[in-house]
Amino acid sequence: MRCILTRSDSFRQGAGNPGRGTAGRLGRVSSNDTSLPLSQPDTPARSAATTTAVSPFQSERNSRDDAPQYVLPLVVHIEKTDPPARTDALRTAARAVLVMLSDERSVGEGEWAQAIHDWQDARIRKVVRRARGAEWRKASALPGITVTGESAEVRVFPPVPLDGWPKELAKLQVSGTDLDDPEPPAAPDPSGPVLWLNPELGMSAGKEMAQAGHGAQLAWWELSETERKAWREAGFPLSVATPDAARWAELTVSGLPVVRDAGFTEIAPGSCTVVADHPALRR
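Here the structure is a predicted model, which is why all the values come from computation and not from measurement.

(A) Representation of the overall build of the protein chain. Looking only at helices and strands, the protein chain has 9 helices and 13 strands in total. Long-range pairs, those at least 24 residues apart, make up 83% of the contacts in the protein chain between residues at least 6 apart in sequence.

(B) Region of interest: the packing of aromatic side chains. If you walk through the whole model with that rule in mind, you get 2 aromatic pairs. Measuring from ring centre to ring centre gives 5.7 Å for Trp220 and Phe236, while their planes differ by 70 degrees; the resulting arrangement is edge-to-face. Linking Trp220 in helix 7 (residues 205–222) with Phe236 in the loop between helix 8 (225–233) and strand 11 (239–242), this pair joins segments that are 16 residues apart in sequence. Residue Trp220 is classed as buried on the basis of its relative accessible area of 1%. Given a relative accessible area of 1%, Phe236 falls into the buried group. Look at Trp231 and Phe236: their rings are 5.5 Å apart centre to centre, the planes differ by 80 degrees, and that puts the pair in the edge-to-face class. Cation over ring: Arg129 sits above Trp165, and NZ or CZ is 4.2 Å from the ring centre.

(C) Molecular detail of the pairing of strand 13 (residues 272–277). In terms of residue burial, strand 13 counts as a mostly covered element, since 6 of its 6 residues are buried. Here 4 bridges tie strand 10 (residues 194–197) to strand 13, and the two strands are oriented antiparallel to one another. Opposite Trp196, over in strand 13, you have Val275 as the bridge partner. Bridging between strand 12 (residues 257–261) and strand 13 involves 3 bridges; their strand directions are antiparallel. Counterpart to Val259 in the pairing with strand 13 is Val274.

Criteria and thresholds
- Residues numbered from 1 in each chain as written.
- Predicted model: local features only at pLDDT ≥ 70, side-chain atom pairs only at ≥ 80, totals over all residues.
- Heavy atoms only, no water.
- Helix = DSSP H or I, 4+ residues; strand = E, 2+ residues; numbered from the N terminus.
- Contact = heavy atoms within 4.5 Å.
- Phe/Tyr/Trp six-rings, centres within 6.5 Å; stacked < 30°, edge-to-face > 60°.
- Buried < 20%, exposed > 50% of the residue type's maximum accessible area, 1.4 Å probe, protein only.
- Lys NZ or Arg CZ within 6 Å of the ring centre and 35° of its normal.
- Pairing = 2+ DSSP bridges.

Given below as structure tokens:
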């Protein structure tokens, strides 16, 4: 799915009147099941957003559409008998995107850096697929990073060409990622980052996971190196929450980053799906 990442029109402001959501405890980050330290900060995402002649935030067709298109694959581990909680899956997917962007292999001369650059030079696409059992084990053997939340496991892979998925991932299903929260999520931590979901849209869990990832990426682009480092060293804590309609209306004109979906699946083109609220971005 392609999304258009934008800034809202007014001044930034802080979050308040939180709706449902939770910050949750941070989980593990692993690469091929080995503990992985995160890299020192670099600016590949910001460079893609600010140094390319045509902005990726522009909704009209532009030269980015003519560039080779890449997609960031994410696979969520869903066993029939023990599925993850929905909000934790969204939060873990967002953290997985941040971990990929900040990994030492994604920046500088790293082995994934060119793929990350090419992906961000075109439209920003993320696709979430599901796996269980042997499918999950095969996916986990491919180069990538597994991020674990309270109940969710999400593996993120370096970007691949839109029509060049590894066969182990290509055969995984996009559908079937409908998840529920067994209990109402706790309120989000207002002192930390919050990804606010549009309360008026009905999206599958897989779609919302991709949108949460877009929101996290847009917040990352907006932060300074010092702010990125602090967030990364803390383990990328964040909340995912759904505000009431009145609060959502305030958020979309607050000056905070907004994700607008291209409308290829599930929702209408141009729909605002996520507002990325980070303490450093509030004014």
